[in-house]
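# Structure assessment
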Amino acid sequence: MIVQTSLLVGLVLFSVLAILLRDLLRAAVSLAVTSLLLGIIFFRMNASYAGVFEISVVAGLITVLFILTIALTNKGEEVPESKLVNLAFPLFFVAFIIIDALVMKGLLRKIPALPSSPETGAFGDVLWKGRTLDLVGQIAVILAGVFSVLALFRKRDKHD
Amino acid sequence: MTNTWYLYLFFSAALVFAGLYALLAKRNLIKLFIAIEVIAKGVSLLLLATGFAKDNVLVAQALVVTFIVIEVSLVATALAIIINIYRHTKSLDVRKLAKLKG
């Protein structure tokens, strides 16, 4: 329980760092650390496949994409940000944490307890037999992403 | 089990709040996208924690895997759009997108 809580605290700390840091590269790296911590939390919840996906795809691939974008847009750091935003954040965040701690337990009691039976079988059975339509949707989304990236980076005609 | 569930929901709400605050207050497009990623992390933690609390980890895991695949596709498309915006406006300031003069 203590390890899990400290992992969760680290998760929130690094995501706050990713938001507050002015240097975009450092923000992207702290986002990667957040994904890594989330993957470890998934592993500790016996969700090994989700943990592997989180660490390899989100912490790896998405970080590479972010760093590539930051390198291609090297003037991105010159966007003027209001200093009040970073100064006011701790105030709002602490206020939200207090409200969260007070309200969340009451909200949880109001959720009706749905009947749930312990699952049997392997993850592959659940994914391939139980959620087949999700897989079709995933293929469609990946194809949509590929075509949109191709359309966005196509060579322009001379008429444009 | 409710105590563990409470702990996860508490932290995922904090993540979603931090992301929403940055979405409302920041002006850099890449920073806005980092905020969307933080919100996505809160949502995936919420999904898996609820599955863990209700003894349905396998279904929750399948949902999280689907969510991650969609997230990657979203990131690739959005970052391509951000690069194109940068080529057009020479800036990542989100306020410059409000000008629709062409």
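Description of the structure in this document.

A few words now on empty space enclosed by the protein. Under the criterion given, the structure shown has one cavity of 30 Å³ or more. Around the largest cavity sit Ala28, Leu31, Ala32, Ser35, Val58, Ile62, Thr63 and Phe66 of chain A together with Lys41 of chain B, which together line it. Of all the secondary-structure elements, those providing two or more residues to the lining of the largest cavity are helix H2 (24–44) and helix H3 (48–72) of chain A. For the lining of the largest cavity, the class distribution of residues is six nonpolar, two polar and one charged.

By the definition in use, this model includes nine aromatic pairs over all chains. Taking the centre distance of 6.1 Å and the plane angle of 45° together, the rings of phenylalanine 66 of chain A and phenylalanine 33 of chain B count as tilted. Of this pair, phenylalanine 66 of chain A sits in helix H3 while phenylalanine 33 of chain B is found in helix H2 (residues 29–53), placing the two residues in two different chains. As far as the burial class goes, phenylalanine 66 of chain A and phenylalanine 33 of chain B line up, both buried. Taking the centre distance of 6.5 Å and the plane angle of 80° together, the rings of tyrosine 8 of chain B and phenylalanine 52 of chain B count as edge-to-face. Taken together, the residues tyrosine 8 of chain B in helix H1 (residues 2–25) and phenylalanine 52 of chain B in helix H2 connect sequence positions 44 residues apart. Taken together, the ring pairs in this structure connect Phe89, Phe92, Phe93 and Phe96 of chain A together with Phe17 and Tyr21 of chain B into an aromatic cluster.

Among the nonpolar cores identified, the biggest contains 69 residues, and Phe66 of chain A together with Leu45 of chain B are the most heavily contacted of them. Counting residues per element, the ones that place at least two in this core are helix H1 (2–20), H2, H3 and helix H4 (83–110) of chain A together with H1, H2 and helix H3 (57–89) of chain B. The greatest single-element share of this core, amounting to 15 residues, is contributed by H1 of chain B. Setting aside residues up to four positions removed in sequence, phenylalanine 66 of chain A forms contacts with Ala28 and Leu31 of chain A together with Ile30, Phe33, Ile34, Glu37 and Leu79 of chain B. Counting seven residues, the second-largest nonpolar core is a separate cluster that includes Phe123 and Val126 of chain A together with Leu58 and Val65 of chain B.

What follows covers the interface of chain A and chain B. Counting from both sides, the interface comprises 84 residues of chain A and, opposite them, 66 residues of chain B. Carbon and sulfur atoms make up 75% of the surface buried where chain A meets chain B, a total of about 6,900 Å² over both sides. For the chain A face of the interface with chain B, the top three residues by lost area are Ile19, Met45 and Glu119 of chain A, together amounting to 10%. Summed over the shared surface of chain A and chain B, the result is one salt bridge. A salt bridge links glutamate 54 of chain A to lysine 41 of chain B; the shortest N-O distance between them is 3.8 Å. Inspection of the chain A/chain B interface yields 11 residue pairs in polar contact (both at pLDDT 80 or more).

Rules used throughout
- Residues numbered from 1 in each chain as written.
- Chains lettered and ligands numbered in written order.
- Predicted model: local features only at pLDDT ≥ 70, side-chain atom pairs only at ≥ 80, totals over all residues.
- Heavy atoms only, no water.
- 1 Å grid on protein atoms, 1.4 Å probe; cavity = no way out; pocket = protein on both sides within 12 Å on 5 of 7 lines; lining within 4 Å.
- Points joined across faces, edges and corners; volume = space filled by probe spheres on them.
- Helix = DSSP H or I, 4+ residues; strand = E, 2+ residues; numbered from the N terminus.
- Nonpolar A, V, L, I, M, F, W, Y, C, P; charged D, E, K, R; others polar.
- Phe/Tyr/Trp six-rings, centres within 6.5 Å; stacked < 30°, edge-to-face > 60°.
- Buried < 20%, exposed > 50% of the residue type's maximum accessible area, 1.4 Å probe, protein only.
- Core = buried A, V, L, I, M, F, W, Y, C linked by side-chain atoms within 4.5 Å.
- Contact = heavy atoms within 4.5 Å.
- Buried area = accessible area lost by both parts, 1.4 Å probe.
- Salt bridge = Lys/Arg side-chain N within 4 Å of Asp/Glu carboxyl O.
- Polar contact = N/O pair within 3.5 Å; in protein donor to acceptor, adjacent residues only side chain to side chain.

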